[in-house]
Every structure is written in C-alpha cells, then in structure tokens.
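# Structural overview
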Amino acid sequence: DGLPVTRMYNKSHWDAEYHPADVYFGSSYVKHLVISDTVKYVDSSFISQCPYIESVYIGASVENIKTIHFNPGYGVYFSKIEVSPDNPYYSGKGNCLVDLRSKVLVIGTHKTVIPDDGSVEIIGSNAFSPAKYWLGSIVIPEGVKIIDFDAFGDCDKLGSVILPDSLEVLDAEAFSSCKNLKKIELGTNLKAIDVTVFYAIHPPEVYY
C-alpha cells in the first residue's frame, strides 16, 4: 500500500502460525539480495534461507543486523557484501560486514580482506561460517584484539594462520573443526586462549 518496508524478520517456521512468504518459497532461486534504504532491521537468516545466494547489498538506513549461527551447507556461494556509503552504522569495506560502532566484523566471505584501518577490533562469533567451504587463507591485520566464539569454525581449507601482535583473546572454538589447520603463529600480546579453541581437531603446530 505504498508503505516503506522497515524490518526484515522471520519467526522460525515451527513457531509461526503460517509460513512467511520468504521461507522455503523457492529460496534456491534467490542469488542477489538488495535491502532497500528504508529497512532498519535485518535478520541475517537470509543466508541460510537462500542456499544459493551470492551477494547482498545493504541500504543506508540499516542499523541492526541480527546474526545467527549458519546451518551446515548454507552460504556456499555467498561471496559479495556491499553496504551503502551513506550507512553510518555498517561498512562493507574489504568485502565483509563491519559494525562501525562496536568494531566487530559481523559476516565474512571467502573473498574477504579484513580492513587494516583500525575499523575491526573483534572478529565476531560465527563470522566466517558462510566461508567455511572455500576459505583457504586469511590475513588477520594488526588492530584485531579478539577472535570470538567459533569465528572460523568448520573452515575446512584453512591451512595456516598468523595472528597479529595486537591479538589479546582467542575465544572458545575459534578454530574448531578446521581439519586442515596445520600451523598457527601467535603474537606477542596474547593474554587468553580458551581450552576449546581447537575443538574437534588435532591441535596444529603452535609457534610463539
């Protein structure tokens, strides 16, 4: 009726009284998603509901993106993130989604280059779940202080990681189930490593 859409959100289908139009509606056809400038709230479940999605554009007014743990098998083709340059809350620099207020990298892809301009201090929980089938290497720049819960979980192709001297915390399961991770180099300022950081794999060679 000419009213602007301001919120994208789905209740889980087993809780809903009816199935919303964009749950299993033929989501395998959706490859490119544009979130318009009127939208303020987004639930990142669009990645899991659209298993063949390749890219997303986030408009200027989006101020809250609720992240979820991505289900296995989803996000295989997801590789491009763009954010309107007029959005004051989020950035798409480096082909990743960064919350500029908290300096958290919210979503990454296998083509992400983490910005080294100081805008990222935390690699968020499950951030690289959509990249887990293709991420072969990643440069974690100086300025990153925390790698959060399961940030790189299940990244099967990740072989080695060099952590910056700025890193202070490796949280639980940060590199869980990274079955091909053979080498990790720790920086000079690391203060806390959770006991489950390499959960479900043989620990790699660790260099200090």
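Structure's up top.
Described in the following lines is the structure provided in the data block. (Residues numbered from 1 in each chain as written. Predicted model: local features only at pLDDT ≥ 70, side-chain atom pairs only at ≥ 80, totals over all residues. Heavy atoms only, no water.)

### Considering the sheet that holds strand E16 (residues 205–207)
Taken together, 3 strands build an open sheet; the order of strands is E12-E14-E16 and the sheet is parallel. Of all strands in the sheet, those bounded by a partner on one side alone are strand E12 (160–162) and E16. Strand-to-strand twist of the sheet, defined as the mean angle between neighbouring strand axes without regard to direction, takes the value 10 degrees. (Pairing = 2+ DSSP bridges. Helix = DSSP H or I, 4+ residues; strand = E, 2+ residues; numbered from the N terminus. Axes fitted to C-alpha atoms, helices over the stretch in contact; angles between N-to-C directions.)

### Some words on the nonpolar core
Soluble globular proteins tend to bury their nonpolar side chains together. In this structure, Ile123, Phe128, Ile140, Ile147, Phe152, Leu163 and Phe175 are the most contacted members of the largest nonpolar core, which totals 31 residues. Those residues within four positions of Phe152 in sequence are excluded, and the remaining contacts are Ile123, Phe128, Leu135, Ile138, Ile140, Ile147, Leu158, Ala174, Phe175, Ser176 and Cys178. Membership of the second largest hydrophobic core comes to 20 residues, among which are Val42, Ile58, Phe78 and Ile107. (Core = buried A, V, L, I, M, F, W, Y, C linked by side-chain atoms within 4.5 Å. Buried < 20%, exposed > 50% of the residue type's maximum accessible area, 1.4 Å probe, protein only. Contact = heavy atoms within 4.5 Å.)

### Structural notes on the pattern of salt bridges
Oppositely charged side chains can form a pair if their charged atoms are brought close together. Applying the stated criterion to the full structure yields 4 salt bridges. Between Lys93 and Asp117 there is a salt bridge, with the nearest N and O atoms lying 3.1 Å from each other. With a gap of 24 residues between them, Lys93 in the loop between strand E7 (90–91) and strand E8 (97–99) and Asp117 in the loop between strand E9 (104–107) and strand E10 (122–123) connect regions that are remote in the sequence. Between Lys103 and Glu121 there is a salt bridge; the shortest N-O distance is 3.6 Å. Placement of Lys103 in the loop between E8 and E9 and of Glu121 in the loop between E9 and E10 is noted, with a sequence separation of 18 residues between them. In this structure Glu121 comes out as partly exposed when scored by relative accessible area, which is 24%. (Salt bridge = Lys/Arg side-chain N within 4 Å of Asp/Glu carboxyl O.)

### Things to note about the pairing of strand E4 (residues 55–58)
When strand E2 (residues 32–35) meets E4, the two strands line up parallel, connected through 4 bridges. Along E4, the bridge assignment pairs Ile35 with Ile58. Two elements, E4 and strand E6 (residues 80–83), share 4 bridges in a ladder whose sense is parallel. The partner of Val56 across the bridge, within E6, is Ile81.

### Things to note about unusual backbone geometry
Positive phi, normally seen in glycine, also occurs at Asn95, with a value near 60 degrees. Checked against the element boundaries, Asn95 lands in the loop between E7 and E8. Taking the relative accessible area as the measure of exposure, Asn95 reaches 16% and is therefore buried. Here the phi dihedral of Lys103 falls at roughly 60 degrees; this positive angle occurs in a residue that is not glycine. Its relative accessible area of 31% is what places Lys103 among the partly exposed residues.

### Topic: the packing of aromatic side chains
Enumeration over the complete set of coordinates arrives at 4 aromatic pairs. Each ring, one from Tyr52 and one from Tyr77, has its centre 5.5 Å from the other, and the planes form 20 degrees; the classification is stacked. Of this pair, Tyr52 sits in the loop between helix H1 (46–49) and E4 while Tyr77 sits in the loop between strand E5 (64–66) and E6, and the two are 25 residues apart along the sequence. By relative accessible area, Tyr52 is classed as partly exposed at 39%. By relative accessible area, Tyr77 is classed as partly exposed at 41%. (Phe/Tyr/Trp six-rings, centres within 6.5 Å; stacked < 30°, edge-to-face > 60°.)

### Some words on the sheet that holds E6
The strands making up a sheet associate through hydrogen bonds between their backbones, and the pairing can be parallel or antiparallel. One open sheet accounts for 3 strands, arranged E2-E4-E6; its pairing is parallel. Each end of this open sheet is capped by a strand with a single partner; those strands are E2 and E6. This sheet shows a mean twist of 10 degrees between the axes of neighbouring strands, independent of strand direction.

### As for the environment of Pro203
Structurally, Pro203 is set in the loop between strand E15 (192–193) and E16. Accessibility expressed as a relative area gives 61% for Pro203, which makes it exposed. Placed 24 residues apart in sequence, Pro203 and Lys179 show a C-alpha to C-alpha distance of 9.4 Å.

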